[in-house]
Amino acid sequence: MSDHLSPVTLNALADGELAGDSLAQANEHLGGCSSCTTSALHQSLLKSATARAGQRYTVPADFQERLMHLAAAESSRAERVERRSPVRSSGSRWGMLGWVTAAVLLFFFGSAWIVQRNLHKVEVASVEHAALVREVFDQHVATLAASLAPQVVSTDRHTVKPWCQGKIPFSFNLPENLPRDTTLDGANLTYLRNQAVAQLLYSIGKHRVSVFVSERPSPGPGDSLADHSGFHVMDFSAGGLEMVAVSDVDPARLAELADAIRRAQAENQQQRK
Amino acid sequence: MTLLRWKREIQESAPQTQVFEELAVPCLASLYNVAFWLSRNGADAEDLVQETFVKALRGFASFQPGSNFKAWIFRILRNTYLTSRSGLAARRTVALEEELGETHESGPVLYPEGAIDRETPELNLIRLNDRAALQAAMESLPAPLLEVILLCDVEEMKYREAATVLEIPIGTVMSRMARARTALRHLLSSPTRTPSLTSNREFRA
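Owing to the predicted nature of the structure, the values given are computational and were not obtained by experimental measurement. (Residues numbered from 1 in each chain as written. Chains lettered and ligands numbered in written order. Predicted model: local features only at pLDDT ≥ 70, side-chain atom pairs only at ≥ 80, totals over all residues. Heavy atoms only, no water.)

Visitor: Could you give me a rundown of the overall build of chain B, with the residues and numbers involved?
Guide: Counting secondary structure elements, chain B contains eleven helices and zero strands. Reading the helices (α) and strands (β) of chain B from amino to carboxyl end gives α-α-α-α-α-α-α-α-α-α-α. For chain B, the residues scored as buried account for 52% of the 205 residues in total. Here the contacts in chain B between residues at least 6 apart in sequence split such that 73% fall between residues at least 24 apart. (Helix = DSSP H or I, 4+ residues; strand = E, 2+ residues; numbered from the N terminus. Buried < 20%, exposed > 50% of the residue type's maximum accessible area, 1.4 Å probe, protein only. Contact = heavy atoms within 4.5 Å.)

Visitor: Which residues make up the sheet that holds strand S4 (residues 207-215) of chain A, and what values go with them?
Guide: Residues and elements named next belong to chain A. Taken in spatial order, the seven strands line up as S1-S2-S3-S4-S7-S6-S5 in an open sheet, and their pairing is antiparallel. Here the strands that pair on one side only, and so sit at the sheet edges, are strand S1 (152-153) and strand S5 (224-228). In this structure, S4 lies alongside strand S7 (residues 241-247), joined through seven bridges in antiparallel fashion. Each bridged residue has a counterpart across the sheet, and for Ser214 the counterpart in S7 is Glu242. Docked against the sheet, helix H6 (residues 157-164) engages S1, strand S2 (182-192) and strand S3 (195-204), running at close to 10 degrees with respect to S2. (Pairing = 2+ DSSP bridges. Axes fitted to C-alpha atoms, helices over the stretch in contact; angles between N-to-C directions.)

Visitor: Give a description of the pairing of S5 of chain A that names residues and reports values.
Guide: All names here are of chain A. Sheet analysis places S5 next to strand S6 (residues 231-238), joined by five bridges and oriented antiparallel. Bridging across to S6, Asp227 finds its partner in His232. The loop that links S5 with its antiparallel partner S6 comprises two residues; one of these, Ser229, has a positive phi angle of about 55 degrees.

Written out as C-alpha cells, the structure is:
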C-alpha cells in the first residue's frame, strides 16, 4: 500500500471536500511529503485552470429576451388552460348539454301535460254539461208528461219561496216583475246530479218553462245555450246559484225570463248587504 | 369574499412565474455554457436551454422552496440532454465505469501510482496557461468525466450537489473527478496522443 495520498484524496483536498480528521491527516502527510505537496498544488492549479477554461460560451445577445417571451407565453398558455378547464372541459360541456336537454324535455313534456290536462278538463266539462242538458230535459219532459199540478201551486213568489225553505240547503229570490205573458205556475222539489234542487215552473204564453235552481258546485264556464230535441236549454248563474232554464219557447223570450231571475238574485244580495 | 378555485390559481400563478424568473435568469449563463459544452453546438445548446426552461417552469410547483434551485434546474438540463439527439448519440457507447471495472459500492477506487503524474513536467504547467489547449483537452474528455469537471470546477458545485444533478453516488463523483483530472494531465502532457477514453461518451445516471 502506498504511503502517498490517493488521487481521490488529492482531488477532494483541491475541491475543499475534506474536513475533520481526513483534512488533518492529509495536511500532516503533506507536511512531510514533497511529492504529494507538489501533486496537491498541481491539482489546485488544474482546478483553477479548468474553471477558467470552462467559462467558454456566452449567452447570445437576444437569447435571454427570447426565453423571457417564451416563459411569458408559457404562463399565458397555462392561465388559459386553467381558466378554460373548469368551464370548457369536455366533461363539463357534455354535462351542460345534458342539463339543457333535460330542461327542454321537461318543458316540452310539462307543456304537453298541461295542455292535455286542460283538454281533458274541457272534455269532461263538455260531457258533464251534455249530461246536465239531458237530465234537465228529461225532468222537464217528465213534468209536462205527468200533467200533474206542481207541488206548490202559486203565482205568488212570496208563497213559492217560503215553501222551498227547509227543503233545499240554499235560498233564492224570485222576480216580482216578469216579462210579458210570463207567469209563475209553482214549484217542485226535485233532484239533479243527485242533489236537491228547486224546479220553478213558469209559463210564457202557452209554453211551459222549467227553471232548475241549484248550488253552483264550482265556477262554470258562463252562460250557455244548447238545443236538445227541439227544446232550448239555457244555463246561467246568479248569486252563487246555478240556474238552468229549459223550454220550447223562443230563446229570446227564455232569455228575458233568465234576465229577470238573474236580476232578482242581485237584488237579493243587495238586501243581504 | 371567497375566490373561485381557478381564479385563485391564476392569481397565484403570476407571482410563481415571477419567482421562477428571479431564480432561473441568474442560472442562464451557466446553463447555456454547460449545454454548449455537452452538445458541442450553439443551436443545440439554445434548444436544450429553452426546453429546460419550459420544463422547469411547468414543473416549478414541484420545486421545494428553500432547496437548491441551481442543482434542480441543472438536473432538468442533464435529463433533457440525455433524451436529446446529441445525448442519445453519446449514450450509444460502452459504459466507462464498466470498462474500467469500477465498483461504487466499495467506495472510491484508488488509482495506481502511475495514474498520477507526480513528476509534474514543466510543459504541463506551461500548458495550464494555454486556455485553448486546456479547452481542447476538456473537449476530448468523455461526457461523464466532462460533466463532473463542468459542475465541480466551472460551476463550483460541491460533490453532493453534483451527485444530485447527475443522480449518482458521491463516491462515483469523486472517482470520476479523479479520472477526469488524470486524463486532463495526460492530455496536456502528450497533446498529440489520442486519448483512449474519448470514444466512450456514455452517460450513466
